[in-house]
Amino acid sequence: MTGGRRVLILGATSAIAQAVARVYATSGARLALVARSREHLSAVAADLQVRGGEVVLQRAADLCDLARHRTLVAEAEQALEGLDVVLVAHGVLPNQQAAQEDPRRAVASWDVNFASAAALMEAAAERMVVAENGVLGVLSSVAGERGRADNYVYGAAKAALTAYASGLGHRLRGTGVTVVTIKPGPVDTPMMVGRKLNPRLVADVDVVGRRIHRALERGERVVYVPGKWRWIMAIIRALPIRIFERMRF
Amino acid sequence: MVRQRAVAETGQASGPESWGRYPRVAQEALPLAWADDPLPSGIAVLPYGMGRSYGDSCLNAEGPVLLTRGLRRFISFDADAGVLRAEAGTTLGEVTEQVLGRGWLPPVLPGTQFVTLGGAVANDIHGKNHHRAGAFGRHVRALGLRRSDGSLSTLHPGDPLFAATVAGLGLTGLVTWVEVQLERVPSGWVEQEAIRFRSLEEAEALDDASRDTYSHTVAWIDGLARGRALGRGVYFRGNLAEGPTTPPRRPKPRKVPFEAPELLLSPFLLRTFNALYDHLPRWRSRTSVWKFFHPLDALGGWNRLYGRRGFFQHQSVVPDMEGVRALLALTSTRGQGSFLSVLKRFGALSSPGMLSFPRPGWTLTVDVPNRGEETLTYLDEMDALVRTYGGAVYPAKDARMSGETFRLGYPRLDEFATFIDPGFRSRFWSRVMG
């Protein structure tokens, strides 16, 4: 069904992005990949090719270099001969303690997690609107739903990104371009190293990849992954603040 | 780099476990996402894949284990020659899923698909086709090895370090990728036959009659039968067969969501066995490679059925049936509750690894719940019999054998030890080699 899909993934070496890309590759998609490390990118590209994907473009780029965004999107569009799916997946998990003590660290993480992601979405949207086609997915997080003591530097950027994606989706209504906001809960990825989490709440990255693939293909507007997080977060958002602040999670 | 703490607040052991869930210890872990991730220095590490080793050979008492599941990318696949290269954390199930549709299968498949390529190399695993294909290491064309001195090398059969790394229990460094020669198969289906036997003599005769005509053979033995019934069981033999061209789907395992007391396990296994034994004296069927090769996966997490204290699996190889008879006799009189034992005759094809377990003879596998001291005593007696009959015990299954038992079973141990990476260590090695 997704055979021949033209897919651009920004932050293609992230564990979640790789899991999504594997599903697309298996269905014979054409892929353009952008990530920071050339070596890691070529390892991902080789894997996707073996799985049946056709990787038509690999670009090593620092996505915080906003001036490159338009070129990257244009190159990908050309190499893919169009854009059906764009997934903005890059991100970092800053050390909360260090970031709250040193504002430069916090801002650096916001540059990656919010500013560059928002700018990339605009750059991609610009091309997709011209073509009147495509799904623009962005990896936000359940951490953006309500700031918590142990990761609000990260959560603040994801909250901003969620709001941005919402606004962009609103603006693009009727253009043929769909914005999909993806909110994973904790996933078993390297980003989670060092965090104490109830293993039952940590999702398998392949399950998450398949779910995100389905959401992109269906053009679901807001997707919690796994789905139970929609209800968990609804409760957490609804908690009175005095109760919320007493909770440890 | 941040290190994952393995002990939860409750003080209960957590973090990576071995399959037998014994010993239950706190294990620190460090996930790897890329083969060039920095490794901790000044502290011994050990690669850890899917945790399907039963005892303590996949645990590290002196430092963290390196979780290799992040290294799971395919590198190349030549569908004409059947040569696949993949990162070492890729599982055999993932390989099968990838290559079966093109008419290939991993050359050696164990009872579970949830084994990484790195683990298959480190334990030089075997399967039901050992008499035809030998152990896994024979089919490895090359592998990448990263050592704690920073060196990266590509090893081939014939290199001494290759021979140390195959069956090297993860102690020679981090295997980063493996290139394996796959086996051509006509389809994803197996013609299987199950035949009842009443004694070990019958089992041996069945094997004599089957080994040249069937690529896959194994026997289940009723571990509770005594006296004249001792050695009764069911013999399975099969060949890859013509079948539908669309490969069978990889099944989703039913999960065991909780720890259960072993009393739940015994009726389950006994019923299965008795149903087979009493009602199906001889039975043929066509089954998918997934079901045929990986019967253990039908019930995901079945190890939890042995409860909190975990269990032991004892797998040994002895040169002839006399040794098997002695081991089974001991097992049946001890009432240690090994409901089902698995018996397989290894072939003569030699393994490339210095510490490879498979060797000509019969290998017997026995599961026993951990009931403390009496279980340990029984297992020591099993080891004594193995030594008497000139056999060996499989480190991948072991949590308690003595250094002497290990040494007697593995004559190339001293040679192997010279190839160990000083930055790598396992709980098994610390325990057995002191």
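Our subject is the structure listed above.
Residues numbered from 1 in each chain as written. Chains lettered and ligands numbered in written order. Predicted model: local features only at pLDDT ≥ 70, side-chain atom pairs only at ≥ 80, totals over all residues.

S.K.: Can you tell me about the nonpolar core, naming the residues and giving the values?
M.R.: Nonpolar side chains tend toward joint burial in soluble globular proteins. Counting residues in each nonpolar core, the largest one holds 113 residues, and the members touching the most others are Leu-66, Val-121, Val-178 and Ala-219 of chain B. Here the element with the most residues in this core is strand 9 (residues 174–181) of chain B; it accounts for 5 residues. What Val-121 of chain B contacts, discounting residues up to four positions off in sequence, is Phe-136, Gly-137, Val-140, Leu-143, Thr-165, Val-166, Val-175 and Val-178 of chain B. Within the second largest apolar cluster, 75 residues are counted, among which are Val-135, Leu-139, Val-205 and Ile-212 of chain A. (Core = buried A, V, L, I, M, F, W, Y, C linked by C-beta atoms within 7 Å. Buried ≥ 20, exposed ≤ 12 C-beta atoms within 10 Å, placed from the backbone. Helix = DSSP H or I, 4+ residues; strand = E, 2+ residues; numbered from the N terminus. Contact = placed C-beta atoms within 7 Å.)

S.K.: With reference to specific residues and values, describe the packing of helix 8 (residues 321–334) of chain B against helix 9 (residues 373–388) of chain B.
M.R.: Residue and element names in this part refer to chain B. Helix 9 packs onto helix 8 with a crossing angle of 165 degrees between their chain directions and a minimal axis gap of 10 Å. The angle between helix 8 and helix 9 places the two elements in the roughly antiparallel class. Remark: the crossing between helix 8 and helix 9 carries right-handed chirality. For the pair helix 8 and helix 9, the contacting residues are Gly-323, Ala-326, Leu-327, Leu-330 and Arg-334 in the first and Tyr-378, Glu-381, Met-382 and Leu-385 in the second. (Axes fitted to C-alpha atoms, helices over the stretch in contact; angles between N-to-C directions. Parallel < 35°, antiparallel > 145°, perpendicular 65-115°, else oblique. Left-handed = near helix turned anticlockwise from the far one by under 90°.)

S.K.: If you had to explain the pairing of strand 5 (residues 83–87) of chain B to someone new, which residues and values would you point to?
M.R.: Residues and elements named next belong to chain B. When you tally the buried positions in strand 5, you get 4 out of 5 residues, the bulk of the element. Strand direction decides the pairing type here: strand 4 (residues 74–78) and strand 5, joined by 4 bridges, are antiparallel. Across the sheet, the residue bridging to Phe-77 is Leu-84, located in strand 5. Bridging between strand 5 and strand 9 involves 5 bridges; their strand directions are antiparallel. Within strand 9, the residue paired with Ala-86 across the bridge is Val-178. (Pairing = 2+ DSSP bridges.)

S.K.: Which residues make up unusual backbone geometry, and what values do they have?
M.R.: Between Val-225 of chain A and Pro-226 of chain A the backbone carries a cis peptide bond, its omega angle lying at -15 degrees. Note on placement: Pro-226 of chain A falls in the loop between strand 7 (222–225) and helix 8 (228–238). Cis geometry is adopted by the peptide bond preceding Pro-23 of chain B, which originates at Tyr-22 of chain B and carries an omega value of -5 degrees. With respect to the helices and strands, the residue Pro-23 of chain B is situated in the segment before strand 1 (29–31). Positive phi, normally seen in glycine, also occurs at Arg-21 of chain B, with a value near 55 degrees. The topology assignment puts Arg-21 of chain B in the segment before strand 1. Residue classification places Arg-21 of chain B among the buried positions, given that 21 C-beta atoms sit within 10 Å. Unlike most non-glycine residues, Leu-169 of chain B shows phi in positive territory, near 60 degrees.

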